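Chain and residue survey
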Amino acid sequence: AIGSVMQPGELAFFRLTSNGFFASEQVFNSLPEFTAGQFMHIASWQETSPLPYYICSPTPGSPSGEYGLKVFDENGDLEFDSRQETPRIVDHFYVSSSDARSVLEDDAVIDIPLTVPTATPMVSVPLWFHGLADVNGDSARVRMRLLNNSTIRLSRVVDSGFDIAFLDAVYVHDAFLTVAI
């Protein structure tokens, strides 16, 4: 899993690949070794290379380049600077807990069409995307992956040999996901 300390109002977008990822959550972190009020965004995946991610913040960073469009409000405060690198939000969708439960318990496959096809989408899950269940003694999780440039697929993956005997129920939540390029 990777993590990034974030401030309130920031969103983490993770690159969605053909291997996909299994969990994404943004949690409030009040441990003493961290500054109180910080958030941690964590994603789990199955690849050996790092999962690319991008943190979006309402606080602008340093602009790049010398030329661009700036928009100011009536007080002269900068509202927009085209030199800022920003993701383009192209889609959003809702995954109900009943859909996640169907994937886990019934091995259902759910295909979500993207309204803007892209080979390199970034996905943000501001609250929670997670599913965990005991399937014949093994751990089953919901995997979100890029099926092709116009479809995101939710499917079940089972980790044989990973005993979660302590889990006596299917563990899922509703999730809202945002897609950017």
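Criteria and cut-off values
Residues numbered from 1 in each chain as written. Predicted model: local features only at pLDDT ≥ 70, side-chain atom pairs only at ≥ 80, totals over all residues. Heavy atoms only, no water. Core = buried A, V, L, I, M, F, W, Y, C linked by side-chain atoms within 4.5 Å. Buried < 20%, exposed > 50% of the residue type's maximum accessible area, 1.4 Å probe, protein only. Helix = DSSP H or I, 4+ residues; strand = E, 2+ residues; numbered from the N terminus. Contact = heavy atoms within 4.5 Å. Pairing = 2+ DSSP bridges. Axes fitted to C-alpha atoms, helices over the stretch in contact; angles between N-to-C directions. Salt bridge = Lys/Arg side-chain N within 4 Å of Asp/Glu carboxyl O. Arc of directions from axis to C-beta.

1. Quick notes on the nonpolar core
Judged by nonpolar contacts, the single largest core of 25 residues is most densely connected at Val123, Met144, Ile152, Leu154 and Leu177. If you list the elements that add at least two residues to this core, you get β2 (11-15), β8 (89-95), α1 (97-106), β9 (110-113), β13 (138-148), β14 (151-159) and β16 (175-180). Among residues more than four places away in sequence, those in contact with Val123 are Ala12, Phe13, Phe14, Leu16, Met144, Ile152, Leu177, Thr178 and Val179.

2. Here we look at the side chain of Thr151
Looking at the secondary structure, you find Thr151 in strand β14. Once residues within four sequence positions are removed from consideration, Thr151 is found in contact with Asp111, Ile112, Leu114, Arg145 and Leu146.

3. Details of the sheet that holds β16
Strand order in this open sheet of five strands is β5-β2-β10-β16-β8, and the pairing throughout is antiparallel. Bordering the open sheet on either side are β5 (53-56) and β8, each of which pairs with just one other strand. For this sheet the average axis-to-axis angle between neighbouring strands, irrespective of direction, equals 25 degrees. Here β2 pairs with strand β10 (residues 122-124) via two bridges, running antiparallel. Of the residues in β10, the one forming a bridge with Phe14 is Val123.

4. Describing the pattern of salt bridges
Within the structure shown, the criterion is met by four salt bridges. The closest approach of N and O atoms between Arg83 and Asp81, which form a salt bridge, is 2.7 Å. A relative accessible area of 17% means that Arg83 is categorised as buried. According to the relative accessible area criterion, Asp81 is buried, its value standing at 7%. Measuring nitrogen to oxygen at the nearest pair gives 2.6 Å for the salt bridge that ties Arg153 to Asp111. Taken together, the residues span a long stretch of sequence, with Arg153 in strand β14 and Asp111 in strand β9 at a distance of 42 residues.

5. So, α1
Of all the residues in α1, the buried ones are Ala100, Val103 and Leu104. One side of α1 holds all its buried residues, which, seen down the axis, span an arc of 90 degrees.

6. Description of unusual backbone geometry
Phi at Asp107 takes a positive value of approximately 60 degrees, unusual for a residue other than glycine. Along the chain, the position of Asp107 falls in the loop between α1 and β9.

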